[in-house]
Amino acid sequence: MKYPVALPKTSFPISSSNHDNILNFWKKINLYKRLTQRSEEFLLHDGPPFANGSPHMGHAVNKIMKDIFNRGKALLGYKINYIPGWDCHGLPIESAVESNLKKAGKRRSDFSIQQFRELCRDFANEWINVQKDGFIKMGVIGDFDHAYTTMQSQFDILKELHKFVQDDLVYRGFKPTIWSCSEATALAEAEVEYYDKTSNSVDVKLEIISKDRTDLLGAKLVIWTTTPWTLPANRAVACSREFEYVLLELAGEKLIVASELLDNFMQRTKKTYTLIDKFRGHDLVDLHVKHPFYDLGIQLEVPVLHSDHVSLDQGTGLVHIAPSHGEEDFVLGKQYNLEVTELIDNNGKYIDSLALIGGKDIFESENIIIEKLRELNVLEAHNKIVHSYPHSWRSRKPLIYRVTPQWFISVDQMKKNVLQVIDQVNWIPEFGKNRFISMLESRGDWCISRQRVWGVPLAILYHEETGEILKEAIPEIQNLLLSEGMDKWWDIASEVAKKHPGYVPCYDIVDVWFESGASQEYVLHGKRADVYFEGSDQHRGWFQSSALQASRVIPKMPYKNLITHGFVVDNKGRKMSKSLGNGVDPMELIAKHGPDLVRLWVASQNYIEDIKWSLEHLNRVKDIEKRFRNTMKYMLGSVIPFSYEGCYEEMQLLEKWVLGRVYQLNQEFKNAVDSFSTYKFVKNLFLFCTVDLSAFYFDIRKDILYCEDVNSPLPKQVRMVLKHILDNFIRWIAPIMPFASEEAWMEMYGSGVNSVHEQTILNLPNWSDKDIDVSMATVREVRKVVTSALEIMRERKEINSSLDAEVHIITRKLNGVSLLDMKQILIVSGLTIYNCEQDFYDNEGKRDLYSTADVDDVQVFCKKVSGNKCERCKHVHAGIADLCDRCFKVVS
RNA sequence: GGGCUUGUAGUUCAGUUGGUCAGAACACAUCGCUUAUAACGGUGUUGUCGCAGGUUCGAGUCCUGCCAAGCCUACCA
């Protein structure tokens, strides 16, 4: 015979595919707008992702975490302000568009700059739409209708740049760039590929002519280079003060090389030597030597300088310095005011005025140069070397370093300004601060010009010779571009310039970091953001450019909290890449598993470190998701169809304890939101569901919920507690699993009008009671001993359910806990508690007692309880038929 | 090559200032409930704490070196 019991009842599903309806609901009620109708603001400024591809896991982590912050803050009652943005300009898009043209059989040169920019714009717009759609599917809410893009903000960006010009912070300078002679253009880092190349390697002897050093006068420094074509541009020799150098005699000549590289050098000369002297590099510094082509008209006496970058890996420990043809050379040259010579033209030919090689191709001239060096008796050795060398990815031709004129922002004062207010920012993690500072300190002036077309034109006029910028023309330029559009700069610039004799227009575009760095102006309008949250690569990117730009005039940081996250890597810690095939598409995951799961995966990560992706881990997170949903399902089913009431004071120990846990978790939720870190909260919430609720509280209270008269006080109180848990729980998971939360909310309060995401967390009385927590900890300790003892009986097939047993406990620990409470908590049919062993023996006779090593003062004896099992509640009682007294009353 | 960061059970992680710190959960195995049932509960197994030295009475915890990985940067005459 089956007797009716009050089982939970709900249509809330354990898994759901109702996402689209919920997304539509949020759209219909304009959830984002509703969340902006509050007073105190939480302003999260979106770092714009690059508009050139579909969303990847990095986007997912970034956007979802931002949304969790936003929804979390909304639950704490804040007005949210989140305007998504996109970074649209730059080389990758230009390259992609160009390659698309190529695939279509077209050439870039067939398009005007304006037309080409139009194509880039279309390309960017297309990807913005794809990404926008993806982010919305992830559940991200924000002002997508008024998203910002750098391409729509061009004019504001230019105005911002002009402020730097007006403040005399922009100047023309020179910079070594990687130059392609075949294409007559500077290349970006991304356009360079390294292949092996066979080069000439030469050891060249430079005679010391410093008269005050008679000991070394006439001796020759040996320099080694693999780019003999740069020798005409030689302006110095670098050595290291610290290294030891040797003076040796070789075929009648005195030569100097570094001790450690002597063998290396001798292998190239294939001669024998006599060692004369040893000394520190310090002794060489400030000597002067003859230029390699001294006897060919370049009558320079070049200095020997110390440089930290001199190494003992190869060469001679004495380095040929040509400031116009090398990064380090340029830096050293700048430090010592060396002449930066322009000996070659855009196509890689020497200038005509140069003797012997004038007008000739630099690479082709190398043989002539080497031959001449030999004739001049400055060549010690000539060999061939195969080494990795930069090449153009397009023409596959070798590239060279060349110093070209560029535009710079002088950052010294801004750096000082930023460092002054560095502590106005809360750095999460803390080490981000030092990382930021060291990167800031080590940076040089900001090169803002790019020889490209897809970007904000660096619209200025400058004096052809002096490089002075014509500030008076700025209003005129701005007015023209405002009415004509930014694309028109390339058409109107020359006309503007005509009105200002001597001045020419700049056709470069502005570095994209300047564009996004100015977003604080055109998006935030100078307001300080509460949070910037991006990958840790942005310490030298957006975080830095934003801070520098904010501090143009006075020290100011654009963000209050600067939070960085790691990168998504696979379970072996390797970054996701196409070649490894370990990449994963977040949109596929969402389609397959739903957005909540992906969000929960993100929320359960400590994003400070690298974020490890694996399917195995996702499946584990899936268990957490199921546990959360199932916990809500159980509570919904136990609350909605029944009546509940009761106040804290009337509740049992167990109920008071659970409410205490609810209070504690509510505090933890606030902390998680305020500290922008959810993973510990997710873990604790999961433990709450499994350990506290499912395995303990729910398990114990099933008897009362199912079997007791539903209208009697105790079930009503238990359901009241469940209602409390539920009301809080739905809110706690709202930021993390907004879809499940909304579903539960609708199940609870009906659908169609309000969203859970408009709610704020509940202001709970302090239910946390330390005394109750302590005694409950003891209770659970005792319970653990009892379940272990019962397990032994179960193994012996003496019992199945714990209700088949009666338990005797000998302990002094359970003072203050009623026998009835304890019996319910243990879920057994009989319980006796003794204060000492003798009392137990008096009652039950001499028995073997069970105890465990980790719990002292608790001994247990269990036996099968005698009597009949109640068909309804499964408790065993003596002297009953098929129903116990309680169940009989309830049923009838 | 340099700067910052990370490395604890199969997995994800806890381990405060060096002294019950070798833990939790999941997974796995197994038993039970059949009244959350495409659920729920109990019990059990798992680790040279990246490797090698050092400091200390004592180190996962401090120091040094190395290895692996991530971000940034320099990739060299």
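Residues numbered from 1 in each chain as written. Chains lettered and ligands numbered in written order. Predicted model: local features only at pLDDT ≥ 70, side-chain atom pairs only at ≥ 80, totals over all residues. Heavy atoms only, no water.

Regarding the overall build of chain A
Step number 1: For chain A, the count of helices and strands is 27 helices and 32 strands.
Step number 2: Since a compact globule built from 892 residues should have a radius of gyration of about 29 Å, the 39 Å found for chain A marks it as more spread out than a globular shape.
Step number 3: Buried positions account for 56% of the 892 residues belonging to chain A.
Step number 4: A separation of at least 24 residues holds for 77% of the contacts in chain A among residues at least 6 apart in sequence.
Step number 5: Within the structure as shown, chain A displays about 39,300 Å² of accessible surface, and the carbon and sulfur contribution to it stands at 48%.
Step number 6: Computing the positive centroid from 109 side-chain charges and the negative centroid from 121, chain A places the two 4 Å apart. (Helix = DSSP H or I, 4+ residues; strand = E, 2+ residues; numbered from the N terminus. Rg over C-alpha atoms; globule rule 2.2 N^0.38 Å. Buried < 20%, exposed > 50% of the residue type's maximum accessible area, 1.4 Å probe, protein only. Contact = heavy atoms within 4.5 Å. Areas by Shrake-Rupley, 256 points an atom, 1.4 Å probe, with all protein chains shown as cover. Lys, Arg positive; Asp, Glu negative; His and termini not counted. Charge placed at Lys NZ, Arg CZ, Asp CG, Glu CD.)

Brief notes about the confidence of the model for chain A
Step number 1: Per-residue confidence for chain A averages 91 on the pLDDT scale, and 100% of its residues sit at or above 70.
Step number 2: When pLDDT is averaged over each element of chain A, strand E4 (residues 148-149) comes out on top at 98 and strand E6 (residues 185-187) at the bottom at 77.
Step number 3: Complex prediction metrics read pTM 0.91 and ipTM 0.92. (pLDDT = per-residue confidence, 0-100.)

Quick look at the state of the cysteines
Step number 1: Counted according to the given criterion, the structure contains zero disulfides.
Step number 2: Unpaired in this structure, Cys120 has its nearest cysteine sulfur neighbour in Cys88, at a distance of 11 Å.
Step number 3: On the basis of relative accessibility, which here comes to 0%, the residue Cys120 falls in the buried class.
Step number 4: With no disulfide of its own, Cys506 lies closest to Cys447 among cysteine sulfurs, the gap being 11 Å.
Step number 5: On the basis of relative accessibility, which here comes to 3%, the residue Cys506 falls in the buried class. (Disulfide = S-S within 2.5 Å.)

Some remarks on the nonpolar core
Step number 1: Residues Phe436, Met557 and Trp601 are the most contacted members of the largest nonpolar core, which totals 214 residues.
Step number 2: Per element, the largest residue contribution to this core is 14 residues, and it comes from helix H21 (residues 679-707).
Step number 3: The contacts of Trp601, once residues within four sequence positions are left out, are Met57, Val61, Val568, Ile611, Lys612, Trp613, His617, Leu618 and Val621. (Core = buried A, V, L, I, M, F, W, Y, C linked by side-chain atoms within 4.5 Å.)

Concerning the pattern of salt bridges
Close approach of charged atoms lets side chains of opposite charge pair.
Step number 1: Overall, the coordinates contain 49 salt bridges when judged by the stated rule.
Step number 2: For Asp168, the salt bridge goes to Lys471, with nearest N and O atoms at 2.8 Å. In this pair, Asp168 sits in the loop between helix H6 (154-166) and strand E5 (170-180) while Lys471 sits in the loop between strand E21 (461-463) and helix H12 (474-484), placing the two residues 303 residues apart along the sequence.
Step number 3: On the basis of relative accessibility, which here comes to 57%, the residue Asp168 falls in the exposed class.
Step number 4: Classification of Lys471 by relative accessible area gives partly exposed; the value is 24%.
Step number 5: Asp511 is paired through a salt bridge with Arg450; the nearest N and O atoms lie 3.2 Å apart. (Salt bridge = Lys/Arg side-chain N within 4 Å of Asp/Glu carboxyl O.)

Observations regarding the packing of H6 against H12
Step number 1: Relative to each other, H6 and H12 sit at 175°, their axes nearing to 11 Å. By the angle between their axes, H6 is roughly antiparallel relative to H12. Residue-level inspection shows Phe155, Leu158, Lys159, His162, Val165 and Gln166 of H6 in contact with H12, the latter providing Ile474, Ile477, Gln478, Leu481 and Leu482.
Step number 2: Taken together, the residues that form the contact of H6 with H12 break down as seven nonpolar, three polar and one charged. (Axes fitted to C-alpha atoms, helices over the stretch in contact; angles between N-to-C directions. Parallel < 35°, antiparallel > 145°, perpendicular 65-115°, else oblique. Nonpolar A, V, L, I, M, F, W, Y, C, P; charged D, E, K, R; others polar.)

Notes on the sheet that holds strand E17 (residues 400-409)
Step number 1: Across the sheet, which stays open at both edges, the four strands sit in the order E6-E5-E17-E19 with antiparallel pairing between neighbours. Across the chains shown, the open sheet's two edge strands, defined by having one partner strand only, are E6 and strand E19 (446-447).
Step number 2: Bridge count for E5 against E17 is 10 bridges, and the pairing is antiparallel. Along E17, the bridge assignment pairs Lys175 with Thr404.
Step number 3: Against the sheet, helix H8 (residues 327-335) engages E5 and E17, with an angle of about 150° to E5. (Pairing = 2+ DSSP bridges.)

Focus on unusual backbone geometry
Step number 1: Put simply, Ile428 and Pro429 share a cis peptide bond, and its omega is -5°.
Step number 2: Tracing the chain through its elements places Pro429 in the loop between strand E18 (426-428) and helix H11 (431-441).
Step number 3: A positive phi angle, near 55°, is found at Asn377, a position not held by glycine.
Step number 4: Note on placement: Asn377 falls in the loop between helix H9 (366-375) and strand E16 (379-392).
Step number 5: According to the relative accessible area criterion, Asn377 is partly exposed, its value standing at 41%.
Step number 6: The backbone phi angle of Asp857 is positive, close to 60°, even though this residue is not glycine.
Step number 7: In this fold, Asp857 is placed in the loop between helix H26 (837-844) and strand E30 (858-864).

So, H9
Step number 1: Along H9, the residues classified as buried are Glu366, Ile369, Ile370, Lys372 and Leu373. Projected down its long axis, H9 shows its buried positions confined to an angular sector of 160°, all on one face. When the buried face of H9 is taken as reference, the exposed residues oriented beyond 90 degrees from it are Asn367 and Glu375.
Step number 2: Of the residues one or two after H9, Asn377 is the one with positive phi, at around 55°. (Arc of directions from axis to C-beta.)

Some details on the protein's contact with RNA strand B
Step number 1: Around RNA strand B, the surrounding shell holds 59 residues, and the nearest of these are Ser311, Val319, Gly573, Tyr706 and Arg872.
Step number 2: Sugar and phosphate atoms constitute 76% of the interface atoms of RNA strand B, taking the interface as everything within 4 Å of the protein.
Step number 3: Within the side chain of Ser694, an N or O atom sits 2.6 Å from a base nitrogen of RNA strand B.
Step number 4: Here Lys797 contributes a side-chain N or O atom positioned 3.0 Å from a phosphate oxygen of RNA strand B.
Step number 5: Residue assignment for the surface near RNA strand B shows that the elements contributing at least two residues are strand E8 (220-225), H11, helix H19 (615-639), H21 and helix H24 (770-795).
Step number 6: At 10 residues, the largest contribution of residues to the surface near RNA strand B is made by H21. (Near = heavy atom within 4 Å. Polar contact = N/O pair within 3.5 Å; in protein donor to acceptor, adjacent residues only side chain to side chain.)

What to know about the environment of Trp446
Step number 1: Looking at where Trp446 falls in the secondary structure, it is placed in strand E19.
Step number 2: Accessibility expressed as a relative area gives 4% for Trp446, which makes it buried.
Step number 3: In this structure the C-alpha to C-alpha distance between Trp446 and Asn129, which are 317 residues apart in sequence, comes to 32 Å.
Step number 4: Residues contacting Trp446, with those up to four places away along its chain left out, are Trp407, Phe408, Ile409, Val411, Asp511, Trp513, Phe514, Ser545, Leu548 and Gln549.

Focus on the pairing of E17
Step number 1: The buried fraction of E17 amounts to eight of the 10 residues, a majority that puts the element mostly inside the structure.
Step number 2: As paired elements, E17 and E19 share two bridges and run antiparallel to each other. Note on E19: the bridge partner recorded for Ile409 is Trp446.

Some remarks on the layout of surface pockets
Step number 1: If you add up the space inside the second largest pocket, you get close to 1,000 Å³.
Step number 2: What lines the second largest pocket is a set of 34 residues, among which Thr225, Thr226, Thr227, Val319 and Asp329 lie closest to the centre.
Step number 3: Ranked by residues supplied to the lining of the second largest pocket, first place goes to E16 with five residues.
Step number 4: Grouping the constituent residues of the lining of the second largest pocket by class yields 15 nonpolar, 15 polar and four charged. (1 Å grid on protein atoms, 1.4 Å probe; cavity = no way out; pocket = protein on both sides within 12 Å on 5 of 7 lines; lining within 4 Å. Points joined across faces, edges and corners; volume = space filled by probe spheres on them.)

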